[in-house]
Structure formats: C-alpha cells, structure tokens
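# Examining the three-dimensional arrangement
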Amino acid sequence: MEEDTEYLKLPLEDRCIHKLWKARLSGYEECTKHFPKIVDERSPEFNKFAPLMKKFVTDSNAVAQEKALEAVLAYVENAHVAGRTAGDVTNGIVQKCLAAPKRGTQEKALEVILMYCEIEKYEVVQEELMKGFTQKNPKVVAASVRAVTTALREFGPKVMNPKPLIKQMHTLLEDRDKNVREESKKMVIEMYRWIRQALKPQMSSLKPVQIQELEAEFDKLGNEKVVQTRFLRSQQDLKAKMEAQGDEEEEEDEEVEPDAPELDPFEFMEPVDILSKLPKDFYEKAEATKWKDRKEAVDLLLPLTQNPKLESGDYHDLMKVLKKIIGKDSNVMIVAVAAQCLTGLAKGLKKKFSPFALSFTETILEKFKEKKVNVVSALRDAIDAVFQATNIEAIQETVSGALANKNPQVKAETAAFLSRAFCYCTPTVFNKKLLKVYITDLVKTLNESDPTVRDNSAMALGVMLKVVGEKQLMVFIGEVENLKMQKIKEAADKAELKVKISAPKAKKPAPKKEAPPPAAEPPPSTTAPPKKVIKAGVKPGASSAGPAKGKKRLKGGGGGGGGGAGGGVLEECTEAELSIEDAVEKASEVLPEDVVSGVTDANWKTRLAAVESFGNTIQTLDRSEIPCQALVRVLAQKPGFKDNNFQVLKLRLEALKNLAENSDFTRRSGEVCIQDLVEKLGDPKNGSLCGEVLMTIAEAAKLQWVGPEVMTRAFEQKSPKIQEMALKWLSDAITDFGFVLQPKALIGDIKKALAHTNPGVRTAGISLCGTIYLYMGATLRVFFEDEKPALLQQIDSEFEKMNGTSPPAPTRGLNRGSSTENDDDADDVDSGPAVINVQDLVPRTNISDQLTSTLFTELADKNWKVRNEALQKVSNIISEAKFIKGDISELPTALCARMMDTNKNLALEALRLTASLSAALGPNCKPHTRNIVPGMLAALGDSKQNIRQQALSTLNSWVEQTGLKETVDGEVFADALKSGSPFLKSELFLWMAEKLKDAPPKSVNKEELHACTQYLFMALEDRNADVRKGANEAVLPFMIHLGYDGMVKHTNKVKPSSKNTVMQALEKAKPNLPAKPQPKPKAAAGGGTGRGAAAAAAERPQASAPAAGRGAAAGVKKGLRAPSATRTYERYWGSGSSRKDQEEVDTSPLLQVNNLKQQRASDEQRLRVLRWDFTTPRQEFITQLKDQMTAAGLNRQLMSNMFHQDFKFHIKAIDALNEDLNSNLPACIANLDLVLKWLTIRFFDTNPSVIMKAMDYLQQVFQCVSEEGYHLLDLEAYSFLPFLVTKFGDPKDAIRGPARNIAKLICNIYPASKVSPYMMDGLKAKNARQRAECLEAMGNLIEVYGMSVCQPSPGVALKEIAKQIADRDNSVRNAALNALVQVYFREGEKVFKLVGNLSDKDMSLLEERIKRAAKNRPVIKKPPVEPEVPTVRGGGASGRANRVIPTPAQPAPVITREREGADGATGGEQSSLLKSRFGMRNQQQQQSSANANAPFKIDYGLIEKLLEDNDTTERPQYKIEEIPDMNSLLNYKPVCPTPASRLTRPGFTATSRPVSSGAQIDTEGAAQAINLVISQVATPDANTVITALSQLDEVLQSEERSTQLAPHIDQLLILATLQYRLVLNTKMANPNVNKEECIKIYRSLTNCLMMIFNNKQLGTQATRDVLRDVVHVLINILLDPRLAQLEDGPQIIRAINVLVVRIVEKAQFTHVFSALLKLLHESVGSGGGCKFTELVMKCNWKVIRILPTRSNDLDLDQILLDVHNFLVAYPVNTWAERPSDTPLRTIKTVIHTLCKVYGTNILSHFSKIENAQGSELHKYLTKTLKKPKTEDDGGVGDSNRLAAAQVTSDSAESVKSPKRLSKTAHNTLSEIFRKIGSKENTKEGLIQLYEFKQKHPEADIEPFLRKSSQFFQNYIERGLKRVEMERQAEGKVAASQASENGSNSAGPLASIQVPDTANFNMNELVAQFKSIAARAGFDNTYIDTAVKDICSAENKGSGERLDISEYIKTLSSDYGIEQNKEQFSSHDQ
C-alpha cells in the first residue's frame, strides 16, 4: 500500500515517467486537468513537458497510453511550444497508436494528429504520416492512409498537399493487403472531390480495372460542393464568415467558392527533358539547305514538344533555330510544323518560356502576311501559347508596330490576336498609359478600308470594353461613328473572358449606397460627354446647389482648369467669355454701385476705399453666389492691376487671391488678369504678392495652363527682372505642385534664359534646371549638351548640389474634395494629377536597321578579332544614338554569349557594353531581361576578380532600369545557382542579400526566391568558406520576403544530415526579422467614401470607450496621462487577430527603461563605434543606430516605421513617440540619445512635413525633460546640436522658428557655455541664413547668460563674430552687430578691445549701431576701481548693533528698502529676494522650529547657472550693510576692546554701535537669520561672501551661539562647496578676475570649515553625501596647478591639506569613512586622474590608521555594504588589466583592518547586503579570519604591506632591538625617506619620521642618513626640529583652549610661538608678525599700535611678564580674524 501511494508525493513530470504504470496513469490524468488551467500559452510550465510528449504516446501500457493521448491533446490545444513536438509525437503515434488494438486509442491518436494540423504543423504531420506508408506492418500503413484521408477531408488540399500523395497513389493501390488498397481507394476518391479533373491525367499509370472502378466512384460524387469543415488557427476569420452565412446558398457560393482550390493539372505532372533526346545532327539538319532535311528535323522535334510539361534547360539554340525557320523559311509546310513545335514548347515551359516570348511575338506577327490557311492557323495557336508566357504590357511596342504594318492581313491577324489576348487580362493590367496606346492604335485600324481589319479591331475594342468598363474606355476612344460604336458594343456582349474579374463584386452593395442620393441629384437628362465636363469643372461645395443651378453650371460653369481631375490633359474651357458690360451688370448684383464705379476712379483714395469694400464684400458671399469672371473683369478695369498706387494695387491683388481661393475660378477668369500679374512680378513692393496670387490661380486653374502662360508672357517683356522673377516663381511652383508640366516647352524657355545677357536671368534658369533635375534625373542633361562648356559646367555644379536629394511631396494642386456621387467610381483616370514619365520625353533612336544579321554573325565568329570589331561597332552605334528604342533584335542574346567569351578581354568589353546598353534603353530594358541576365550571372562565376566586379556593376545598372522584380524572375537565378561555380554562388548570395534587405515586399518575385531557397540551404554547408559566408548573409534577407514558415517548408528537401545546420541558421536569423507593417484598414462594405471610412475609424475608439467604465473616468481626473504602450501600438499600427500575427506583433512598450546610455557614451568615446558625425547619413551610421536600438529593446514595429522608405511611416513613428512621451518619460530619457540620433537623420529628409513634426516633438521632449530636472549628456549634445544648427538655415520659417526654440530649451538642461561653441561652428556654413540665425542665437545667449558663453575665451569668440560684420549678406551683418551690442551692454567700452582690429568701415558700423542702441537701453559702465575708503556707519534710530561694514569696490545698482521705524528692519523683502534667487522656499513667520530643522536641499546646477552671470545688469545688487546683523539677531553683545588696540580688517571700519536691549529675537528669527547669512556664502560677489563668513566666524567662536548652527551644517557645507566650485571652475579660469579675490575666498572658506570641524558638536552633524562633495572639491583644489603658481597659493594648499585631515579626524566616523569609500569607488569608475585617486586613497589610509581607536563610533554594516559594492563593481579578476591595483589593495587593507579590530563578530554585520554568503566580500573575510597572523605584517598579506605599513605604524609595536630593525620597521622607514625625497610629500615624510622616532627611540636611522648628502642630512635635522616645535606649540594651544572653557577659536596668529624666556627679541617677533599680517591682507599700521599698547601695558605692570602669545590669541578670538592657524604654521621662509 505504501508503494502504491508513494508516487503521489512526486512532482507531476516525474510521475509521468515513473516506472509504475499506475503512477504514469495518475500523472497523465492530472496533466489532462492541469494543462487547460494554465492561462498563459507561453508559460514556462509547458516547457518542462515538451521533451516528454513522445514518451506519453509510446507508453507500453494500453490503459495509460489512452490517457496519455488525452493529456497530449490538452497539451497541443493549450501550449504555444507544442509545435516543436509535432514531428516526434506524430512519429510515435504512427508507430504505436494508429494500429493499436483499442479503438479509443486510435480515435484519440487521430484527434491529436488533426490538432497538430490545426496549429499550423500540417506539413510535419503529412511528412510523418507518409513515412508510415513504407512500414512493413500493413495495419500501420492502412491507418496512416486513413489519417491522411481524414485530414484531407476536414482541412482540404491547401493543408494536405495532394501532390506527394499522387506520387504514392500507384504503389498504395497495388499493395498486397486488402485494407491498404481500400483505404488508398478512399484517399484517391477524396482527392478527386477536391481537385476534380486535375487528378485524371495522373491515373494513366493505373490498371484499366482500377481506373474503371475509380471512374464509377467519381460518377457517384456528382457535382457536390466541397467545403472545408475544420480550420487552422490562422483561418478563424474564414470560419466565422462561413458560420455567419448560414443557409444563404447564394452568398455561400460567392464567398466560399473562391476559397475552394482551383489546382492546375500541370503542377502534378512530371517534367520531361527533351533536349537530351534530340538527335546529335538535329541542328545541322535544321539549318541545312535542303528542305527535306529541315522537314525531317522539325518532324523529329514535334512529338517531343507534345509532352505536357518540359524540364527547364538551355533552350536558346533550339529557339534560335525555330525562330529562323518561322521567320525566314520559304517552305510553308516546314513553317507550319515549326509553329506547332513552338506551340508545344510554349505550353510545356509556361513561364520559363518568357525570355523568348517577345522575339517570337514579333516574328509571328510579321509572318501573318502568309496566306496559307494551315500556316496561319498554326501561327495563331503559336502566338496564343506564347502570350501565356508574357503580358500585354511587354508586347505593346511590338503589337503597335504590327498594327501599323502596310499589309492588311498582318493588321487583321494582330487585331484578332489582341481580341483573344484581352480575354486573359484584368482591369488592373490596363493602366491609363497602356489603355491610351492600345485604343489609339485600334481606333486607327477601325477606320481601315479592309473589312476584316475593321471587324477584328471592333472585336478587340469590344473585349477591352468588357474588361475595363465603358467609363474607362470612353475617356480615350474619342469620336467614333455610331455604327462602329454599336459594333464594339456587340462584340463586348459576345466576348467571353477567360479570367474572373472582381469588379462586379464591388458593385454589389452600390445600389444600397446610391439609393438615397438620387432625390438630391439633378435628373440624368444629359449625355455622357457633358457629364464629364461637369465633373471636371464643379468644385466642392457646388454639389449642394439645386438642379436648376446644376443646369446653369452645365452651360457656363465647366472650368477647363479646375478640380485637379484629368491630370496632365487640359480640357477646353466651356465657360463663356463675358463682355465688360455684362460683367459690370453681374457684379452690380452683389456689389454696391459706388464700389463698381469707385474701382476706376481717378482719385486714388476713392479707389482705395472702393477696393477695400470690394474685398470685404466678397468675403461675406458663399462660393455659389460669387460671379467670379464678372468680378475679376471689374477688378481689372483700368487702371486695374497696373495701378500706380501700391496700396490700391495691394488690395486689388488680395481681392483677386480671395476670389481664386473661394470661388469657381476658371481659365477664362485667369486670361483676364494673368498678363498684368506677370508684368508686376518685378515690382519691388507687390512682386511677392503677385507670385502668391499666381500660385493660387495655378491651384484653381491648373499649373499645366498657368505655368506656360507665365513663361510665354514673361519672355515677351523687355525687363530682365520680370523674366528672372518668373523663372524663380516657376521653380517654386514645381516644388509645391510637383512636376506636372510637359518639359519640352519648359526646356525651350530655360534655353532662352541660359542665352540671356542678364546674369540674374541665367542664374534663375540654372536654378530652375536644378529643380527639374530632382524629378528627371540625369536624363535632363541630354537636352543641354550643346550648350557652351562654361555654362554646362554651371549646370553640372547645380546638378551636383541636388544629387542624393529626393523631390519633395507636392503640397498644392491636390484634390480639395471629391464629389460624393463619384466616390464609388473613382479610378486612375480621375484620381488626381497625372504622373509624367520623364523617360517618355527623351528622344530615342531606332537602331534596329543598323543591327544587321551580318553584325550578329560577326559577334559569333570564331576569330576573336572579328568578335572584337563587332563589339566595337555595337558600342559606336549605341554611343552615337545615346537613347535608343526597345527594338534591338537579337542583340541581347548575342551579348549574353559574349559575356561568357573565352577571351576575357572580350568578356569584359561585353559587360561594359551591356551596362551602357541599359542606360541607353532605359525602361525599355524590361523585355530583354531574361535574355541578357544569364550572361551577367555566368560572368559572376569567372575566376578573375575584375570580370566579377564588372559583372556586378552591370547587373546593378540593369536593376536600376528594370527593377529588382523584373530582373530576378523566370528561375534565371535558380538555374545559375544550380550549376554555378563557388565564385558565382558567393558573389550572387552577397548581392542578393544586399538588394533584398531593403527592398519593399512587392518589389521582389517570391517565386524566384522560393526556387533559390533550396540552393541557399545547400550553400550553408558548402566546402568553400566564401560561399558559406554569403549564404549566411542571405538567410535573413530571404526570410524577410518569404517569412520564417516559408523558409521552413523548403527544409523538407534538405538532406537529413544537413537539416540541423539549416534550422540553426534559420533560428539565428528569426529574432532579427523586422516587424511587418500592419495592413491598412479596409473601407466599409459597399465601397464607402473617404468620409465613411473616417467615420468608421472614429467609431472604433468610441466602441471601446464604454468598456473603460469608471476606471477611465478616474484616469481623466488624475491629469495628463497618455495611453499605455499597447494601446499606442494598436492606435498607430492596429492589432493582429490570427495566431501567427499575434506571434509576430510586438506589443512591448515603445521605449524601454534601461541603463545602456552610459555604455553607449563610453563606446563612442573610446571609438568602439562610429562617432555620430557626418555631412550626410551613410548606411553604416544607420545600421549602427538600428543595432543600438535593437539592443536597447525598442519596439520592433516602431523601428520598422522609423527606418521605412515612406515618409508617412516616419510621421507615424513621431506621433507614436509623442503620445508615449508623457506616460513613459523615464524611458524617453533613458533612450534620448537614440531618439535624437534618429531625428538628426530625419533632418536630411526633403519632406518638410516630417521635419516639422520632428521639431514639434523635440520641443515637447525638451520641455518635459527640463521640468523633470534632467541634464543633457555630452553624448546627446554633440550627436544632436550640430545637426540642429543646420536647420537654422532652412528656407522655411516653420522649421527655423522651432529650431530656435529648441536651442533655447536646451540651454535649460545643458550649460549655455557648451551650447555656444556649436553656434560658433555654424558661422562656418556657406548658408547666409544659417550664419545670421547663429549670430542671433549668440546675441541672445550673451544677453541672458553673460560673457561666459563666449568660448574658448571672449576675445577669440568676439573676434570671430566681428568678422561677420564684413559679410556681404545684410542679415548676417545685422545679426553680428546686434550680438556685439549685447556685449557692449555687458562690458561697456571693453568690447572694442575684445573685437580686435577692424577695418574703418566695420568699426564705424559697430560704433554707429552701439550709439543707436544706447538710446533705447542705458549701459552701465564700469568705472575704474578706486581705493577703498573705510566708512563708519552709525547705529542711528534703527537700533542695530554696530559692526564692520565693507564698502563695495565699485558702484552697482542698489535695491533700497524703507526702514521700519525704531523697531528695526525686518529684512523680509531682502530675504525673499535672496531666497527666490537661490530657489529656497519662503518661510512663514509662524513656521515651527521643527520645520526649520528640515534637511536642506539645493539644486547645484541651477545655482551654478545663476552664479555664472556675474555681470547681469538686471540682477539686484545689495549693499553689504543690508545683510541682517547676526549679533542682534542672535541676542549677543559683542566684546569690543578699545579701538586703539584693535586690528581692523583692510577695507572695513570699526565703529561702536549700542546694543538695543529690546532687540530680542526668538529661535525662529535666529534660524531665518542663519539661513539668510548662509545663503550669502554662495553669491558670486567676493565681499558679500567674506562678510557672511566673518559673521559666521563670530558665531562659531562662541560655544553658546555655535549650537544654533547645528541644524544648518549640511546647508552651510553645501553652499561652501558650491563657492569652492565657483572659484575653482569660473573665477580661476577667468583672466579678468583678480586672483587675490580668489585667495581671500579660499582663505575665509577654509577657516570657517576648520572651525566647524574643530567643534565636536558641529563637525559630527555633516552627513555622508555632503562630506563626499566637500572632500571631492577640496582634493580638486589641491590638484589645481593654477593655485600653486599664485603668490599665496602654497599656503592655501597647506591649509586645505590640514582641513582634509581635520575632516577625517573630527567628522562622524561612519559618515566620513563611507564618504571616502564612495569617493574611491567613483574615482575608479570614472577613470579620474591617477593623482586624484591617489589622494583619495591617502585619505582612506588615514581613516584606516585611526580605525582601531574609533571602532565604537563605526556603523560596521554600512561600511561592509560600501566595500561590497566596490567589489561587485570591480571584481578582483578584472584588476589584472588595469595599470595599478592600489585601490583594490586599499580595499583589502580595509577588510584586514576590520577583521583585526572586530574579529569573527564581523560576520554578523551583513544585514544591508543581499545574498552576502556568495559574495567576494564574504569569501575574503572568511579567508582572512582563517589565515594566521605573522609577526611581520600583523596579519596583512604581502600584497598589502605598503598600505599596512601606513596603518600599523601607530598601533603595532616593533621588536625593540638597538642593533637590527624588524622588516616592517625597515620598510616603513624606507617609505618615509622616499616621501621626504619627493617634492610634494616632504612635510608629510618629516612628520612621519618624527612620529616614528617618538615611538621607536631605540631605532637607528643613521644607516639611512649615511647614504645621503650632508645638505640632505642637515635639512632632515632642521625639519625634525621644526616639527618638534610645532608639536609643542599645539600642546600649549590645546592647554589654553581647555582653560578657556573648551573654546575652539584658535586664530591664525596663535601659531606664532614666543619663547618664555627673559631675553627674547621683540623686534624679531614684530617683524615676523608683520610679514604674516601682510600676507593675510592686514594693514601693518595697526600692528604698530598694538605693539605700543603691549609695551605700555608691560611697563605699567608690577613686574609681571606678559605672555604676548596669550594676548595675540585673545585678539584673534575677539575680532574673528578669518585665517586658520595651519596655513601660517609652516611659514618659515
């Protein structure tokens, strides 16, 4: 019992493979229940069971097996990965289940098989089932056949392919087992149900008895309709459609019948190779002179060609023979038989016959002149068969020539052939051009005298009428007699089309749609032609007019130019011309009489008022009420548009423009005014408005009419200005309307312009050439080759500018709307402006007469010299003709043979000749492609590299002319790959990969690719490495067009041993497939109009709105919120419905949040990838961007749209990004560099709509990221800003304006000083508009941000700006002058020095501009610096305590405020101003103290930006005395000694102010005062900073008052750090700033921080991140080389050095330790300088040294977390590649020291580390704790001895041995002496040596000194004495501090040591004191006074000796002198 239930405890998958069948049974049953419960079909749970599925179906226990099949069925239904198991499971089912003894097992096995078919794995299933046909067990065979039959019955032949089954049919029906034969018979009957007659030809191999039996069964089936009963997952829409149809049989017939397969019996036939069966002497006999031999040859050929399907091969020689016989043989019997042979060949080869179709069509049509009936009949059959291999467009030129033949029989037979050929055509085949050509030719033959020709022509036109419809045909048929028209219609009725035309289906719902409108439409009483005129002339809005108006419009409203219908064909204008009297009469109906008469009045004011009233009146009229022609004629009355008053003329032009826009303006109206408008084009005031009016008229009356009219009338004028402006106008018009003009006349006008004497006209003509070049390309140059060389050079240079630029999309001339009555009948004829094929305009030469048979014979001659001469002749013919027609006879075939010539030079020449032939033929290359491409492909296989390169070049030139689809066709490429050399395969696969990768889907022939796929798979395992490489490159491009499933289908033909390799290649390429663009939504049923489609689109979001429910309403309340990524996806690209579509659809967010941006920046900085810098985007940049986007996880569909060739998809991508912006801003920021790079590529697009969309999006992006507080990276800036600057020069203001705004927005997130260099680079551009915009931007930057934007220095930048004053462009000059005016406003007269030497002219311009600008804006000039005069400020009535007040060194605008009586000033306004400047929140008067203690946060970037602008005149300046008095605010009465003995700071005066007893300020006031004073520390004014710090010093010196600073320490340190940075980065770099000012700020800041960290209560308040910033900036100052070069720089460096040490010792130990570890982490990661990292490490060493004494203050968990983070970021194994591993050794020393101090307790402090057990830190700690400690290193390994020596020098006791030092001591001494010998670390070394001697008095250092010079020994002795004196002084100071209640104020003078002896020299002490005071900036005159006071006090004493050091200490304490003691203690020079 235990054994039975034990397995229930096992996991489900283990039970399913248990050895007990009951366990397995239990597992299967649970699986059956478990699988349907899993909601996600891609759940990992399914993956666990995939390998077990075959074991399920092959279970040995019958009961368990049946349950297993149920589980497998549930698995296949629910699991996405089930498809992978199809092969193995089906194989197992065939082997074990289909023939199982249990009936239930068989049925369930069959269900599983059918389910695999349903999930799209039917090919694998069929393959495995057919393997069962070969099994030895007949039961398995019969069951396999039965399964196939069932699948075929339920799914149909599209799923179960009958072709392989037909091949097995004979074998199965002959099987010895009866059951097999019966099941096979059922399978055959089932196949017949689906494919009907296509099966019977394949039954010829069966026995007659079997055929008879099957025929009887077939008859029983009758004509029953077969319907698919089970559907694939991808066919669920078809299933729903069929279910919806229900019992409606008619609809079912229409909808389901097309889905029933119509299979061609040809597909099931086996091809026959007839070429190998031809006799060896066949070709000799076929070309023999005796007719009997020729007859014998064709008679032998005839039975071979009767095979229904022929094997493909090289038929060129055979076709050549047949063509010669049919065309030239005189024996009609032979011709007839040859025609029959040709018929058989064409039918047997089908599409493979297409290379020969065109040449045979020409030959047969010409041979129709033969009168023998049997010959003509055979030729008819032949040409009909040949036509099946070509198309009606390819033979058009040949047929047109035959219809023009003089022989009427040829015409008649050609027309009859066309009537038969048209029966195989569909309406889509006949484009407008093709219709026009065929109809024109047939209408001509319709009027022939021969009745047969007429009848056949009528028959052909009748068939065409039935195919395309009457509407399409009547446009081109013109005037035809009624009798002939009746014949055509009769022929149309009799015609029987051979193809199904889908047009009638679209008309089915039409009656429903057209039922309502007839009531509103005019009665159909007009004939067809007038209806067409109405359609062309009626404008939108006229449809609402009633029937009466419709009739009126019919008489006079038909506009010849209106509407935009008709394309390039201009119809006659039917509007009647009005006389002036009629015009005035009609105008009077809508205008007042005074207006009609006033427009011609002699007084210009009267005319002005009348025309103004005219314009206002017509604006109030409806379109249908405006008599346009009448009003135009009234407006044009004398003086009309030649009015001399420019104001009146302007109003006339505006009125005319209004009429053209808002009325039915026709050519008749245009004829009235166009002459006058052209004459006014040169008008300086109204010329531009004239151009706009002409544009509007062109839009109303068609540019096709207005353009030639303007040019004709312009060149009739004498004024060259008019001609120049007309040419420019036409250039702009072509850009706006597209190229809709006929170029022949246009080119004539351009030639007139080029020959003009006026240079402006010539330039305008050349510019117009460039515009037309965008549309015509290099073909245009042919028309100008006869021009002069100099002029031709100018034209060529203009063409070069346009190279690579695509023509912009037209913005004018599009249909304004479409009439609702014609929406259903919209077609190509009326759809818009006709597209002109410029190739049709090129004059072409017919060279067929020069290509004689002799020439072709020479091309095939055995002598290579003769062949060479023939090639030269052909080359000369082509070069002389330049452009040739398509009739080139057999030249392609001859050249094809020469490209494979054994003489390589001839082959090379033939390839070059073919390339030139393609250029000469142009689009006429298409018919010859299949004859000539095989030669190019054969040349690709040549062993010589130059041949292969030329072959590739020729192939590319051919593809340019014909297109990829026509080139890769007819299995030509497949045949080449089948028998090609390795060279051919490698080159061709690479070529195909390149071409297919970016080819649109419809531009590729997929049939040809399918044919090449099997050879691609074979090449994947080719022995040649280049072939394999090329094949691997081609896999993805093939898959892009064929799809993954389409490629997998071909793996069935691959050898089993190779299948694994092929599948690996396919799987590798599959993830890189681009997302397929979603199909456009179809219009509503019934051929809805555009309006209906829009309404349907609008209904979709509304339908989904109710589903949102209350959640949607709640979402709206939350504010701006964009849709989710999935909804955004569905909105822009739709959503897939089928299973396959859902697998390929990428519903992920458009942009992913990731951390890859820094890596991309690093890669680009290290040149691992291409730097984003180019003039035009090359393919490698685009590929790199695609790769980066893929790695960043961008949505595949978004990427597909981004890199689509159609600009509309680019707009979709931008719209999607814009909508995603607000909801996914972090992702946008994470990928901002990629988005900006892609948008820079779009900047190079010529379509303005894309660029404007991009500009709008960029403004939104930068606005959002600015609000988010994001700072732009340098990577993003240099990848974007240079390209943005180029848009400053865009001709469209709609692009320039946003570009300027974007540049301003960028300054909010990127320093303006870094933006300005990009603007300066823009000055190098040739585009004057760009230079002007950049100069304007520089002016704005200087105005807003000050002189700091002038980089690299103001002098260099301003000199460059000043150069632009001499520019020839006026806007550039003005912008440069304006920028310099802004500098003048900042710097005053200094601007003249900064701009350098200018010419007199430029200088006068600048002076004049400054003088003019100064009138509008006063300039604050900086007066010369005057000596500072100390001033005394009395307390007065304000009651404020007296204090030292510095006088400003120079005047500045002062913001004054009124004092508030005797209660004192509140300082509220001042406080709010300061706080608002630094972004601090205004505190309320009643704010609690708790809020005052809140953490202080400040934006460094914002403050630095504000501080950069030091000289902005608008910034409020403050008097120093306005700062609130800290003494009064903190309720403290200062101790004021007598002025006689006080040392006063230079520049300040000491005065006494009585303290008001009533000035008691509470704690809140004190907090506000402290905040206000601290805020002054960050101001850019040095005096303000020093004064604020002096007040803080006063507070810090008092222990009671200093405690009030405790909550503000972080705030103070942040602003101090900011001031340090300001001085370091800005003031030290600015040559105009006095460096003494920098020294003073450094000194004051350092002293203040020193006092903070000397105070234990205050120093420990600093937090970790603040300490990190402080130490970071202090180390940067220490490394600043500029500081050391200043006079007092070394003292500052020493003081800061001491400050850093003090911070390390006095700050909260955990905070400072963590901060230093973090700093070390960052310095290693940022690749900072090695010197910086070294100093950070020294700080860490200092911490390590004091760690044993501070272990109680340490948060060990935090320190271990920091060490852990370091080791995670920089693992130990990565340090081998670094130049130095000292940082790692430092971290290891930290770990060792922590282990030494804490021991094993350290292992319990991992609370902040996740997964600590497996970390490197844990391993290292465990290892260290286990390692025994050694005597030498104290437990520290050899790798860390250097750092350990520094650590253990304090704590470890050396072995006391007077004779020999320990190893550790010896190493320590060596390191100490090395430091003493280095210049930077001398003092540190001496201090360490002193400490070493103190701790090791027995140590003998004589051996170390003995090796050095005497000078060095003396230097060390002096240094040790100096250190000893300093230590003694420190001891005394500490003692005095302890005696004075712990005061921390040690002034800078306290370091002066006065020996306590009776005979010290006072003069020496005073001299030393004066020297130090002078360096500190004090006035020495006050020192003399102090000395006198000291002496007098000594004399008055009772003999006691006064200690001067104590007195000096008191002075420094009382007066708050801001120097710290450390900076002077080492002053011993």
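Residues numbered from 1 in each chain as written. Predicted model: local features only at pLDDT ≥ 70, side-chain atom pairs only at ≥ 80, totals over all residues. Heavy atoms only, no water.

### Examining the pattern of salt bridges
Two side chains that carry opposite charge are able to pair once their charged atoms sit near each other. Tallied over the entire structure, the rule returns 77 salt bridges. Close ionic contact of arginine 1160 with aspartate 1233 constitutes a salt bridge, the shortest N to O distance being 2.7 Å. You can see arginine 1160 sitting in helix α60 (residues 1157-1165) and its partner aspartate 1233 sitting in helix α65 (residues 1232-1242), a full 73 residues away along the chain. Across this residue pair, the class does not change: arginine 1160 and aspartate 1233 are buried. Between glutamate 1891 and arginine 1745 there is a salt bridge, with its nearest N and O atoms 3.6 Å apart. With a gap of 146 residues between them, glutamate 1891 in helix α95 (residues 1882-1895) and arginine 1745 in helix α89 (residues 1730-1750) connect regions that are remote in the sequence. Given the relative accessible area of 16%, arginine 1745 is considered buried. (Salt bridge = Lys/Arg side-chain N within 4 Å of Asp/Glu carboxyl O. Helix = DSSP H or I, 4+ residues; strand = E, 2+ residues; numbered from the N terminus. Buried < 20%, exposed > 50% of the residue type's maximum accessible area, 1.4 Å probe, protein only.)

### Comments concerning helix α91 (residues 1782-1798)
With 17 residues, α91 extends 24 Å between its outermost C-alpha atoms, agreeing within 8% with the 24 Å of an ideal straight helix rising 1.5 Å per residue. Phi turns positive, to about 65°, at glycine 1799, one or two residues after α91. (Expected span 1.5 Å × (residues − 1).)

### Side note on the packing of aromatic side chains
Considering all chains together, one arrives at 29 aromatic pairs under this definition. Arranged with centres 5.6 Å apart and planes meeting at 25°, the rings of phenylalanine 739 and tyrosine 775 form a pair that is stacked. One end of the pair, phenylalanine 739, is in the loop between α40 (720-737) and α41 (743-754); the other, tyrosine 775, is in helix α42 (residues 759-776), with 36 residues separating them in the sequence. Among the aromatic residues, ring-to-ring pairing joins Trp1172, Phe1174, Phe1181, Phe1244 and Phe1283 into one connected group. Lying across the ring of phenylalanine 715, lysine 752 places its NZ or CZ 5.8 Å from the centre. A cation over an aromatic ring shows up here: lysine 1212 above the ring of phenylalanine 1209, its NZ or CZ 5.1 Å from the ring centre. (Phe/Tyr/Trp six-rings, centres within 6.5 Å; stacked < 30°, edge-to-face > 60°. Lys NZ or Arg CZ within 6 Å of the ring centre and 35° of its normal.)

### Comments concerning a negative patch on the surface
On the surface, Glu581, Asp582, Glu585 and Glu589 cluster together into a patch of negative charge. With respect to the helices and strands, the residue glutamate 581 is situated in helix α32 (residues 580-588). The class of glutamate 581 is exposed, set by a relative accessible area of 55%. (Patch = residues over 30% accessible without salt bridge, like charges linked within 9 Å, V, L, I, M, F, W, Y side chains within 5 Å. Areas by Shrake-Rupley, 256 points an atom, 1.4 Å probe, with all protein chains shown as cover. Lys, Arg positive; Asp, Glu negative; His and termini not counted. Charge placed at Lys NZ, Arg CZ, Asp CG, Glu CD.)

### A short note on helix α87 (residues 1689-1706)
The end-to-end C-alpha separation of α87 is 25 Å, in line with the 26 Å expected for 18 residues at 1.5 Å each. Residues of α87 that are buried include every one of Gly1689, Gln1691, Ile1692, Ile1693, Ala1695, Ile1696, Val1698, Leu1699, Val1700, Arg1702, Ile1703 and Val1704, and no others.

### Some words on the confidence of the model for the protein
Predicted coordinates in areas of low pLDDT are best not read in detail. Looking at the protein as a whole, the pLDDT averages 76, with 76% of positions reaching at least 70. Between residues 503-568, whose pLDDT stays under 50, and residues either more than four places distant or in other chains, the model counts 80 contacts. Contacts of residues 816-834 to residues separated by more than four positions or lying in other chains number 39 contacts, the stretch itself having pLDDT below 50. (pLDDT = per-residue confidence, 0-100. Contact = heavy atoms within 4.5 Å.)

### Structural notes on the nonpolar core
Counting 104 residues, the largest nonpolar core has Trp1238, Phe1262 and Ile1306 as the members making the most contacts within it. The residues touching tryptophan 1238, leaving out its near neighbours within four places in the chain, are Leu1185, Met1189, Met1202, Phe1203, His1210, Ala1213, Ile1214 and Leu1217. Trp1741, Ile1746, Val1763 and Ile1787 belong to the second largest nonpolar core, which has 100 residues in total. (Core = buried A, V, L, I, M, F, W, Y, C linked by side-chain atoms within 4.5 Å.)

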